[in-house]
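Residues per chain are reported as follows:
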Number of protein chains: 2
Amino acid sequence: MAEVCEVHKQHMDKILKVKKKLPSQEIDLEVSDFFDALGNPSRLNIVFALMEDELCTCDLSNISNLSVSAVSHQLRILKDRKIVTYRKDGKNVFYRLSDNHIKDILKIALEHIKEDH
Amino acid sequence: MAEVCEVHKQHMDKILKVKKKLPSQEIDLEVSDFFDALGNPSRLNIVFALMEDELCTCDLSNISNLSVSAVSHQLRILKDRKIVTYRKDGKNVFYRLSDNHIKDILKIALEHIKEDH
DNA sequence: TCTATATTTGAACATATGTTCAAATATTCT
DNA sequence: AGAATATTTGAACATATGTTCAAATATAGA
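Scoring rules and cut-offs
Residues numbered from 1 in each chain as written. Chains lettered and ligands numbered in written order. Predicted model: local features only at pLDDT ≥ 70, side-chain atom pairs only at ≥ 80, totals over all residues. Heavy atoms only, no water. Contact = heavy atoms within 4.5 Å. Buried area = accessible area lost by both parts, 1.4 Å probe. Salt bridge = Lys/Arg side-chain N within 4 Å of Asp/Glu carboxyl O. Polar contact = N/O pair within 3.5 Å; in protein donor to acceptor, adjacent residues only side chain to side chain. Helix = DSSP H or I, 4+ residues; strand = E, 2+ residues; numbered from the N terminus. Nonpolar A, V, L, I, M, F, W, Y, C, P; charged D, E, K, R; others polar. Least-squares fit on C-alpha atoms with pLDDT ≥ 70 in both. 1 Å grid on protein atoms, 1.4 Å probe; cavity = no way out; pocket = protein on both sides within 12 Å on 5 of 7 lines; lining within 4 Å. Points joined across faces, edges and corners; volume = space filled by probe spheres on them. Near = heavy atom within 4 Å. Pairing = 2+ DSSP bridges. Axes fitted to C-alpha atoms, helices over the stretch in contact; angles between N-to-C directions.

**Overview of the interface of chain B and chain A**
Each side of the interface is counted separately: chain B has 64 residues, and chain A has 63 residues. Summing the contributions of chain B and of chain A, the shared interface buries around 5900 Å²; its carbon and sulfur component is 69%. Of all residues in chain B, B:Phe35, B:His101 and B:His112 give up the largest surface area on contact with chain A, accounting jointly for 11% of the area buried on that side. Connecting chain B to chain A are 2 salt bridges. Two residues, A:Glu52 and B:Lys21, come together in a salt bridge whose shortest N-O distance is 3.8 Å. The interface formed by chain B and chain A holds 10 residue pairs in polar contact (both at pLDDT 80 or more) in total. At the level of elements, helix H1 (9-21), helix H2 (25-38), helix H3 (41-52), strand E1 (55-56), helix H4 (57-64), helix H5 (68-80), strand E3 (92-97) and helix H6 (100-115) of chain B are the ones that each hand at least two residues to the side of chain B that touches chain A. Looking at the side of chain B that touches chain A element by element, the count peaks at 13 residues for H6(B). Looking at the side of chain B that touches chain A residue by residue, the classes come out as 32 nonpolar, 13 polar and 19 charged.

Encoded structure:
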């Protein structure tokens, strides 16, 4: 914070009120990590695919036109951020969305994008 | 795509079906840009503040503990991505969330985070 | 046990990102 | 017009990110 601006008295009330309602830094970080996971075209593409069906790493590589390795790296991020879960079946590892909030959010985001033409 | 994995015939049906339903690359990019905007703790903090009230750059600097310049840079990104709008009032520029989808999405994201304890 | 296939992992590299600093604009007030 | 304040802008810099490549694991079948 190098620069300083003067906070007017009328603004001070607002500011204090807003500060009180703000989520903790911990929540802020967790939520931004969540959005960050969806904020990359390759990962989002994977997530869109998983909205439709359970898919293995190889399938996702095929669908997304990414190398198997790149997909696997991105899946690790999605796994860490609790956006996908997986089950092993022989040599395959099948991924799916971890809960319905993800779908809800994606649907609203799609609406949002389509609305501002 | 350096590595190759064999796609089994049973998987091929799935893959084609999923591919058909996938959003276009353009939509994918727009939606991931949208999430990307929310995927940074500083910007998300600004957005959380704007959920509560309309605020000017100086107020937001105060609330977020970022320099005025840093806030302004981040606001430009939020403006470009259509997440906030602004109105000028004298020397101040007041920002607000551009539509209710943003609030809806933030609420669901907060629920999502709080659920996986 | 050996081979083939699916997946993961780690290092390396180029690119993207966020903040700071200094300077430029914009607006109001005297 | 000149001073003061709010905001924006652009360059610079350090850090983070995404992909590739090569190598390591894991599992199934011969």
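**Quick look at the pattern of salt bridges**
Proximity of charged atoms lets side chains of opposite charge pair with each other. Residue and element names in this part refer to chain A. Overall, the coordinates contain 8 salt bridges over all chains when judged by the stated rule. Note that aspartate 36 is salt-bridged to arginine 81, the shortest N-O span being 3.3 Å. With aspartate 36 in helix H2 (residues 25-38) and arginine 81 in the loop between helix H5 (68-80) and strand E2 (84-89), this residue pair connects regions lying 45 residues apart in the sequence. Where salt bridges share partners, they join Glu54, Arg87 and Arg96 into one cluster.

**Observations regarding the relation of the copies chain B and chain A**
When chain B is brought onto chain A, the operation consists of a screw motion whose angular component is 180 degrees and whose axial shift is 0.0 Å, with 0.0 Å RMSD remaining. The superposition operator between the copies reduces to a two-fold rotation axis. Same-surface contact between copies: 98% of interface residues of chain B are shared with the interface of chain A.

**Description of the layout of surface pockets**
Taken as a whole, the largest pocket holds about 210 Å³ of empty space. Around the largest pocket, the lining comprises 13 residues; the ones closest to its centre are A:Cys5, B:Cys56, B:Cys58, B:Lys91 and B:Asn92. Put simply, the parts of the chain that give the lining of the largest pocket at least two residues each are H4 and E3 of chain B. If one sorts the elements of the lining of the largest pocket by residue count, H4(B) sits on top with 3 residues. Of the voids in this model, the second largest pocket is the one considered here, and its volume is about 180 Å³. Broken down by secondary-structure element, the contributors of at least two residues to the lining of the second largest pocket are H2 of chain A together with H3 and H4 of chain B. Residue composition of the lining of the second largest pocket, by class: 6 nonpolar, 6 polar and 1 charged.

**Remarks on the protein's contact with DNA strand D**
Every one of the 27 residues lining DNA strand D counts as a neighbour, but A:Ser42, A:Ser69, A:Gln74, B:Cys58 and B:Tyr95 are closest to it. Counted by atom, the contact set of DNA strand D within 4 Å of the protein is 74% sugar and phosphate. At a separation of 2.7 Å, a phosphate oxygen of DNA strand D approaches a polar backbone atom of B:Cys58. Here a base oxygen of DNA strand D sits 2.7 Å away from a polar atom, N or O, in the side chain of B:Ser69. Element by element, the count of residues in the surface near DNA strand D is highest for H5(B), at 5 residues. Split into classes, the residues belonging to the surface near DNA strand D amount to 9 nonpolar, 13 polar and 5 charged.

**Observations concerning the sheet that holds E3(B)**
Residue and element names in this part refer to chain B. Read from one edge to the other, the open sheet built from 3 strands follows the order E1-E3-E2, with strand pairing classed as antiparallel. At either end of the open sheet lies a strand with only one pairing partner, and these are E1 and strand E2 (84-89). As defined by bridge partners, E1 adjoins E3 across 2 bridges and the pair is classed as antiparallel. Within the sheet, the bridge partner assigned to cysteine 56 lies in E3 and is phenylalanine 94. In the packing of H3 onto the sheet, the strands contacted are E1, E2 and E3, and the crossing angle to E3 comes to about 90 degrees.

Just distances and angles here, no functional claims.
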